[in-house]
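Commentary on secondary and tertiary structure
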Amino acid sequence: MESVLVFLQRNRFVVLGALVAILLSGIVAVVGLPVESVPDISPRQVLVSVVAPGLATEEVEQLITFPIEASMAGIPGMSDLRSVSRSGVSVVYVQFDDDTDIDLDRTRVNERIQQARSSISVPGLAINMGPLATGMGEIMQVQIRGDGQSLMELNRLMTWTVAPQLKLVPGVVDVNVNGGAEETYQVALDQARLAAYGVSVGDVYRAVDGNNAASGGGWIEHHAEQQIVVGRGLVHSLDDFGALPVRLGPDGTAIRLRDVGAVSMGPRTRLGAVTRDGRGEIVNGVVLMRMGASSDATLAAIRDALPAIRRALPPGVVLDPYYSRSDLTNRTIATVRENLMIGAALVVLVLVVVIGDWRASLVIASVIPFALVCAMAGMRQFGISANLLSLGAIDFGMIVDSSLVVVENLMAHRQRGGAEMGRLVVSSVMQVIRPVTFAILVIVMVYLPILSLQGIEGKMFRPMAQTVIMALLASLAYCVLCVPVIAALALRRAPAHGDTRLVAALRRRYGPMVKWGEAHPGLLFGTTIAVFLVSVVLATRLGGEFIPQLGEGALVVTTTRLPSASLPTVLHSVGVEERILMGFPDVATVVSNTGTSAIPTDPMGVNETDTFVFLKDPSQWRTARTQEGLVTAIDRTLREQLPDALFSWSQPVQMRMDDLLSGVRTQIAVSIYGPDLDMLSRLGDQVASALGGVPGAADVAPQGNGTVPFIHVDVDRDRAARLDVPMSEVLDTVEAVGGHIGRPVIVDNAVVNTQIRFDPAQVGSRDRIARLRVRRADGTGTVLLSQVATISVADGPPRISRDRIQRRMIVQANVRGRDLGSYVAAAQAAVAAQVRLPPGYRITWEGQFRNLQSAMARLEIVVPIALALIFALLVVALGSVRLAVLVFVNLPIAATGGILALTARGLPFSISAGIGFIALFGVAILNGVVLVSYIQHLRRTGLDAARAAFDAAEERFRPVVATALVASLGFFPMAFSTSAGAEVERPLATVVIGGLVSSTLLTLLVLPSLYARMMRGRG
């Protein structure tokens, strides 16, 4: 190593040139780095959906959902299979292991879809596969509006003009169009006219499908040229649609579609609606980003494409983007940028104050840009996005530690003088290079357990560990190869090295404290052990959560009303709710999605509404100073003014992540499995009652509980046979109550479906449906529907959830005013005491706390293994088990400071705090190794154990203090920032700062006395 350092000193400008080249190439690589707010933790999932208007929930489950689930079972790599069945909608979620190829997964699902088609007995259904998007794929929401445009017209413009052009933008995979109603060519059948003309509903169906088609006749050769033959019978307008012949009348004239009903443009049966700001319905589009694409690049491309899309719209029609993921991304990245800049400035300031030489401080701080550029270039190479966690955990204090030790030791040698600068640099670096390299590698090893995390916790924290490791290795390489060269050039004329005023003041107080510790070792050790035991007790009372909730700047309140409520009734109530929300001065705009959207990523009933509450900047909040306080105030007002509804609170990204992970939009999901729906409903009520009685419970409710009235038309085959009525005619008649979708029509580059239905006024009740006429097979007359079918009204479930082909009832809950871990423990005890499960039923608990348990279970295995390896390396490096134990004593004392800091700030334990403890252990080992190595160096000069320990503590006082100060102050912006995203970094920074205080005190006060005791009489 010495020969390498000598070579570098002789070729200083070559080294500097190579350094500049590396920096420039790194900056070029960083330009394309994707930027996100947080890591995308979505599971690999394929969504399969079927829309079957009119089918009851249990029929949807039995006839559609179950055959699809059965077809999907056994796909290689599948990890979970969930489904939701609602009236008219079936959605199956097929989840795969993270190491599978999502394109291959989708291919396999598509193959199984083809198999499922043969098992589904309901004719005319389309089985659709969801877009290649993740839970964080909703990157923009756009409203379309225009004076004089109906909601149906706006829906058509959004579906066939705006959405196709948006899908051409790189990174956009689909656009989910919501609101308004799908436009159709509609004929509203009149029973009297049908009877008068002797036309059945089936005749109308066949007329619409058979008279709107085209065919190719190939080509012919005529006069040496080729002429293509095309048969055309397409409908081009509403007049064409009304003129379609249904059958020939008795007098030889054609009976046309307009003769048997009213022909018009009409809406397809709606499964949902969108409203805004209490002013009524709107039409919007949710832009979905392709899996693996960069949100910042995709959003930039969308912004570039919007002007051209606007020009393609009719005059007066406006596109208004009211939500963009870039708002959250920009706020969180601004927080990271602010923390990094302030952290770097504090590190430089501390270096100047502690070392006392601005040249040396800049030499040490020069490692910061190099390490940061190298880490970000590595992130680009390994596909890691720049986000709150990957960049937010970088501590410049840790980055400069190795360079600080090298430069400080060089300045101490320079003060003693006696050698040329180049040789002095080489000799001083050689003295500390081994412990510094070893200590940095130890810090890297401490981070290795994080790389073992799997699942959600792995997706969230592995990128952070990878980034920190790359930055540390880059800082070590810079410290060994570049710092000696730069120091030799920059410090040649530096003034004499000595204590600064701050260090001198601290040293004056430190001296008596060391002497007291030397004279009273028993009391010193006893106090240290007592403080450690206190921290152990406090640690058991911290509580736990997965990660602190990131404030997204927007809220989502899911409102549930009576399952039987009609869409107009719900929309009226939603309007009232939106006006209440807009009455809060903190709210910018409110958009509500009621029911199921066009791409049913989360099928809801029309009684369920997701209301997106977009907030103003926190500086403009007046109702409360925190988001939790704001939620509490708004929730209280809503419950007082709308007592007939249930409310559950979340945030846009958090809601989507919770829904993907556990099937609900809340922090906790209690799943009850069993065969009988009535029993599941009763058990759900019991579990909800138990959860609601535990302090901290919020938004507790069984999902999809209650009943919906269904009008059942059960065909009596015997009576139908006696009256010569085919069952197909009965079912055609029933289908026309809600609307039969026929062959579509192409109008102005838009695909418009055709719809055949009865006049709504003629089927508005059970009795009117019973009086519908059904034609006999021989065409000689009609019978009442009630003569060939039993018509009854019965209650049924609004929703049936399944997991792994088992029915389940989900009870959802949030936690407010308490940590998640302690609430779950208390809730599990309450449910176990109050709920008795019949045979064949079981309960599982899911949600964010599972991620915490999974991560802790893995870390409890991997971290001890890593620490054991580090201990073994310490034994090899220091040549003594006793010395390795001495260094390891730092770890529990460092943990003591972290626990006390969390307790003082009222923060629960989380994975963020756990990462802080891991980072803290690395720095604590670094300080211990540096001090013990120097003690051993003094021992080799002939000093006894006690004298060497206390002399080393005096001499290494400044670098130990400097290392602790720069490492802790580097985390200060994270610990005390109130910007967007700071809540995620706060536990990590708090642990490191508190732990470094206790670790530094141990290193400087306890460790010398402990060394003197342990190594007394040993060489």
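Up top you'll find the structure we're talking about.
Because the structure is a prediction, the values reported are computed rather than measured.

Overview of the overall build of the protein chain
Within the protein chain one finds 35 helices and 30 strands. With the principal axes as the frame, the protein chain shows a C-alpha extent of 125 × 80 × 55 Å. Evaluated residue by residue, the protein chain yields a buried proportion of 57% over its 1019 residues. In the protein chain, of all internal contacts separated by at least 6 residues, the share reaching a separation of at least 24 is 79%. Counting only carbon and sulfur atoms, one obtains 57% of the accessible surface of the protein chain, whose full area is about 41,000 Å². Averaged over its 88 positive side-chain charges, the protein chain has a centre that lies 9 Å from the centre of its 86 negative ones.

Some details on helix H34 (residues 957-976)
A rise of 1.5 Å per residue sets the reference length of H34, with its 20 residues, at 28 Å; its end C-alpha atoms lie 28 Å apart and thus fit the reference within 8%. The largest bend in H34 comes to about 25°, at Gly-970, with the proline Pro-973 one to four residues further on. Most of H34 is tucked away, with 17 of its 20 residues classed as buried.

Some points on unusual backbone geometry
One non-glycine residue, Asp-277, lies in the positive phi region at around 55°. In this fold, Asp-277 is placed in the loop between strand S13 (272-276) and strand S14 (281-290). Phi is positive for Asn-749, close to 60°, though the residue is something other than glycine. Summarising the element assignment, Asn-749 is placed in the loop between strand S23 (740-747) and strand S24 (750-758). Classification of Asn-749 by relative accessible area gives exposed; the value is 72%.

Topic: the packing of helix H18 (residues 501-519) against helix H35 (residues 982-1014)
Between H18 and H35, the shortest axis-to-axis distance is 9 Å and the interhelical angle comes to 35°. The interaxial crossing formed by H18 with H35 has right-handed handedness. Residues Tyr-510, Met-513, Val-514, Gly-517 and Glu-518 of H18 lie in contact with H35, whose contacting residues are Leu-1004, Leu-1005 and Ser-1009. Here the residues of the contact of H18 with H35 sort into five nonpolar, two polar and one charged.

A closer look at a nonpolar patch on the surface
Together, Val-20, Leu-24, Ile-27 and Val-31 give the surface a local cluster of nonpolar side chains, amounting to about 400 Å² of exposed area. Here Ile-27 shows up in helix H2 (residues 12-30).

Brief notes about the side chain of Asn-155
Counting through the fold element by element, Asn-155 comes out in helix H5 (residues 151-166). Residue classification places Asn-155 among the buried residues on the basis of a relative accessible area of 10%. The contact partners of Asn-155, leaving out residues within four places of it in the chain, are Val-177, Gly-179, Ala-181, Glu-182 and Val-283.

Topic: helix H29 (residues 848-878)
Given 3.6 residues per turn, any residue in an α-helix points the same way as the ones three and four places further on. In a regular helix each residue adds 1.5 Å, so 31 residues correspond to 45 Å; H29 covers 43 Å between its end C-alpha atoms and thus fits that length. Remark: the principal bend of H29, roughly 30°, maps to Leu-859. Taken together, the buried positions of H29 are occupied by Gln-848, Phe-849, Asn-851, Leu-852, Ala-855, Leu-859, Val-863, Ala-866, Leu-867, Ile-870, Leu-874 and Leu-878. In the segment just after H29, Gly-879 is the residue with positive phi, at about 75°.

Thoughts on the environment of Asp-327
Relative to the elements of secondary structure, Asp-327 occurs in helix H11 (residues 325-355). Since its relative accessible area comes to 40%, Asp-327 is described here as partly exposed. C-alpha separation for the pair Asp-327 and Val-863, spaced 536 residues apart in sequence, amounts to 37 Å.

Concerning the packing of aromatic side chains
One pass over the structure, following the stated rule, counts seven aromatic pairs. A centroid spacing of 5.5 Å and a plane angle of 35° characterise the contact between Tyr-323 and Phe-614, whose relative ring orientation is tilted. A residue pair is termed long-range when its members are at least 10 positions apart, and Tyr-323 in strand S15 (residues 317-324) and Phe-614 in strand S18 (residues 608-615) qualify at 291 residues. The two residues Tyr-323 and Phe-614 agree in class, both being buried. Considering the side-chain rings of Phe-871 and Phe-888, the 5.3 Å spacing of their centres and the 85° angle between planes classify their relative orientation as edge-to-face. With a gap of 17 residues between them, Phe-871 in helix H29 and Phe-888 in helix H30 (residues 881-888) connect regions that are remote in the sequence. Phe-871 gets classed as partly exposed once you look at its relative accessible area, which sits at 25%. Put simply, the rings of Tyr-322, Tyr-323, Phe-612 and Phe-614 touch in pairs and so form one group of aromatic residues. Lying across the ring of Tyr-93, Arg-82 places its NZ or CZ 5.0 Å from the centre.

Some remarks on the pattern of salt bridges
When their charged atoms lie close together, side chains carrying opposite charge are able to pair. With the rule as written, the count across this model stands at 26 salt bridges. Among the salt bridges present, the one from Asp-174 reaches Lys-167, with a minimum N-O distance of 3.7 Å. On the basis of relative accessibility, which here comes to 17%, the residue Asp-174 falls in the buried class. Arg-270 serves as the salt-bridge partner of Glu-281, at 2.6 Å between the closest nitrogen and oxygen. On the criterion of sequence distance, the pair formed by Glu-281 in strand S14 and Arg-270 in the loop between strand S12 (261-267) and S13 is long-range, its members being eleven residues apart. Judged by relative accessible area, which is 27%, Arg-270 ranks as partly exposed. Overlapping salt bridges, with partners in common, bring together Arg-145, Arg-276, Asp-277, Arg-279 and Asp-320 in one network.

Here's the deal with the sheet that holds S12
In space, the four strands of this open sheet follow the order S12-S7-S24-S23, with mixed pairing throughout. The outermost strands of the open sheet, each flanked by one partner alone, are S12 and S23. Within the sheet, the average angular offset between the axes of one strand and its neighbour, ignoring direction, is 25°. Pairing between S23 and S24: six bridges, direction antiparallel. Looking at S24, one finds that Gly-742 is bridged to Thr-754. Helix-sheet contacts for H5 involve strand S7 (183-189), S12, S23 and S24, and the interaxial angle to S24 is about 140°.

Reading the values: rules and limits
Residues numbered from 1 in each chain as written. Predicted model: local features only at pLDDT ≥ 70, side-chain atom pairs only at ≥ 80, totals over all residues. Heavy atoms only, no water. Helix = DSSP H or I, 4+ residues; strand = E, 2+ residues; numbered from the N terminus. Buried < 20%, exposed > 50% of the residue type's maximum accessible area, 1.4 Å probe, protein only. Contact = heavy atoms within 4.5 Å. Areas by Shrake-Rupley, 256 points an atom, 1.4 Å probe, with all protein chains shown as cover. Lys, Arg positive; Asp, Glu negative; His and termini not counted. Charge placed at Lys NZ, Arg CZ, Asp CG, Glu CD. Expected span 1.5 Å × (residues − 1). Bend = angle between axes of the 7 residues up to and from the residue. Axes fitted to C-alpha atoms, helices over the stretch in contact; angles between N-to-C directions. Left-handed = near helix turned anticlockwise from the far one by under 90°. Nonpolar A, V, L, I, M, F, W, Y, C, P; charged D, E, K, R; others polar. Patch = residues over 30% accessible without salt bridge, like charges linked within 9 Å, V, L, I, M, F, W, Y side chains within 5 Å. Salt bridge = Lys/Arg side-chain N within 4 Å of Asp/Glu carboxyl O. Phe/Tyr/Trp six-rings, centres within 6.5 Å; stacked < 30°, edge-to-face > 60°. Lys NZ or Arg CZ within 6 Å of the ring centre and 35° of its normal. Pairing = 2+ DSSP bridges.

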